[in-house]
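This is what each chain is made of:
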Amino acid sequence: MNGMKKNNIIFSLFVLVSLCVAFQSCDSKREPGKIYMPDMAYSRAYVAYAPNNLASENIKYIPWPVEGTIRRGDLFPYILPNDSNGYKLSAQVKDPLPPLNSTQMKEAARLFNINCAICHGEKMDAQGPLSTGGKVPAVANLTLAQYIAMPVGTMFHSITYGKNNMGSYASQLSREQRWMVIQYIKAHQAGLNIATASSDANSASGTDSTKTK
Ligand code: HEC
């Protein structure tokens, strides 16, 4: 009996001491306490595409193609500069893709609805939730005459670099995908038989209504 009690006391003391040791490094919210594995305390993770100094840390990972090269199968880089002259010249830039077939057009609609409809709306009438909710002012209504008349090159320029309240889509969409989305915008503007394509694409119903014929 006595031995049992003694064991209990020893065990309780052990728990108490353990708790003290475990929590002593937590007494300050700001100080992390002793660091014995700095790689874990200070993560070496980094944000993709953000400026970084990986090269100086001797890590051989570069997330974009070496200068002067392109990814296999990629379109040639867009070289007009992001300034007013580049914007003006972009009107001359031609769509390098052949006309999309219905499957590709469906994919283009999907890309538009994921990346653009939040502002421009699935009907491209600037009724996307960020626009109607007032989060992003002055969203372009792509169904207006001025945007129907807008050259595809100008669209590509703005989607690539961003414009005022619209950000750049150069890192979200490949050059090919940007041109695909523009074909979708132009097809929609032309009032082809794709009026219901956007909602279909969103619900992934797999119907054939994106056919442009
Ligand atoms: C965060 C909201 C937002 C998103 C998302 C967005 N846009 Fe825009 N977009 C705008 C605004 C705002 C303008 C008006 C820019 C201006 O002229 O001030 C605009 C303008 C445009 C224009 C006209 C460009 C010009 O030169 O006048 C096109 C074309 C366009 N957007 C296409 C797209 C496409 C394609 C996507 C998706 C890849 C997209 N936008 C995503 C907000 C957005």
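Residues numbered from 1 in each chain as written. Predicted model: local features only at pLDDT ≥ 70, side-chain atom pairs only at ≥ 80, totals over all residues. Heavy atoms only, no water.

**So, the overall build of the protein**
Secondary structure summary: the protein contains 10 helices and zero strands in total. Helices and strands in the protein line up, N terminus first, as α-α-α-α-α-α-α-α-α-α. The buried share of the protein, taken over its 213 residues, is 30%. (Helix = DSSP H or I, 4+ residues; strand = E, 2+ residues; numbered from the N terminus. Buried < 20%, exposed > 50% of the residue type's maximum accessible area, 1.4 Å probe, protein only.)

**Structural notes on the confidence of the model for the protein**
Per-residue pLDDT for the protein has a mean of 81; in total, 71% of the residues score no lower than 70. Across residues 192–213 the pLDDT falls below 50, and counting only partners more than four positions away or on other chains, this stretch makes 36 contacts in the model. (pLDDT = per-residue confidence, 0-100. Contact = heavy atoms within 4.5 Å.)

**Describing the site of the ligand**
Taken together, 26 residues are adjacent to the ligand, and Y87, C116, C119, H120 and M166 come closest. Between the ligand and H120, the relevant distance is 2.7 Å, taken from a nitrogen atom to a side-chain nitrogen or oxygen of the residue. Between the ligand and S158, the relevant distance is 2.6 Å, taken from an oxygen atom to a side-chain nitrogen or oxygen of the residue. Within the shell around the ligand, the residues separate by chemical class into 19 nonpolar, six polar and one charged. (Near = heavy atom within 4 Å. Polar contact = N/O pair within 3.5 Å; in protein donor to acceptor, adjacent residues only side chain to side chain. Nonpolar A, V, L, I, M, F, W, Y, C, P; charged D, E, K, R; others polar.)

**Points about the nonpolar core**
Counting residues in each nonpolar core, the largest one holds 29 residues, and the members touching the most others are F112, L142, V181, Y184 and I185. If you list the elements that add at least two residues to this core, you get α4 (102–115), α8 (152–161) and α9 (175–189). Among the elements that make up this core, the one with the highest residue count is α9 (seven residues). Look past the residues within four positions of L142 in its chain and what remains in contact with it is F112, H120, M124, Y147, I148, I185 and Q189. (Core = buried A, V, L, I, M, F, W, Y, C linked by side-chain atoms within 4.5 Å.)

**Some thoughts on the packing of aromatic side chains**
Enumeration according to the criterion identifies four aromatic pairs in this entry. When the ring of Y78 is compared with that of F156, the centres are 5.1 Å apart and the planes differ by 65°; the resulting orientation is edge-to-face. With Y78 in the loop between α2 (38–41) and α3 (84–89) and F156 in helix α8, this pair connects stretches of sequence that are 78 residues apart. Here the two residues Y78 and F156 agree in accessibility, since each one is buried. For the pair Y78 and Y161, a centre-to-centre distance of 6.1 Å together with 55° between the ring planes defines the contact as tilted. A residue pair is termed long-range when its members are at least 10 positions apart, and Y78 in the loop between α2 and α3 and Y161 in helix α8 qualify at 83 residues. (Phe/Tyr/Trp six-rings, centres within 6.5 Å; stacked < 30°, edge-to-face > 60°.)

**Here's the deal with α8**
Among the 10 residues in α8, eight count as buried, and that is most of the element. Where α8 is buried, its residues touch α3, α7 (145–148) and α9. Positive backbone phi, at 85°, marks G162, one or two positions downstream of α8.

**Some remarks on the coordination of the iron atom of the ligand**
Taken together, the protein ligands of the iron atom of the ligand are H120 (NE2) and M166 (SD), with distances of 2.0 Å. Geometry at the iron atom of the ligand is octahedral, judged from its six donor atoms and the angles of 84 to 179° they form at the metal. Highlighted residues: H120 in helix α5 (residues 117–120) and M166 in the loop between α8 and α9, separated in sequence by 46 residues. For H120, a relative accessible area of 10% puts it in the buried group. (Donors = N, O, S within 2.8 Å, 3.2 Å for Na, K, Ca; no water. Tetrahedral: all angles 85-135°; square planar, octahedral: opposite > 155°, others 65-115°.)

**Things to note about the packing of α8 against α9**
Following both chains from N to C, one finds α8 and α9 inclined at 130°, their axes separated by 10 Å at the closest point. In terms of orientation, α8 and α9 fall into the oblique class. In this structure, the crossing between α8 and α9 has a hand that is right-handed. Across from V152, G153, M155, F156, I159 and T160 in α8, the residues of α9 making contact are R175, R178, W179, I182, I185, K186 and Q189. (Axes fitted to C-alpha atoms, helices over the stretch in contact; angles between N-to-C directions. Parallel < 35°, antiparallel > 145°, perpendicular 65-115°, else oblique. Left-handed = near helix turned anticlockwise from the far one by under 90°.)

**Thoughts on unusual backbone geometry**
A positive phi is found at A126, a non-glycine position, where the angle reads about 65°. In this structure, A126 sits in the loop between α5 and α6 (129–132). Take A126: its relative accessible area is 11%, and that puts it in the buried class. Of note, N164 is a non-glycine position whose phi angle comes to about 45°, a positive value. Inspection of the secondary structure assignment puts N164 in the loop between α8 and α9. The class of N164 is exposed, set by a relative accessible area of 77%.

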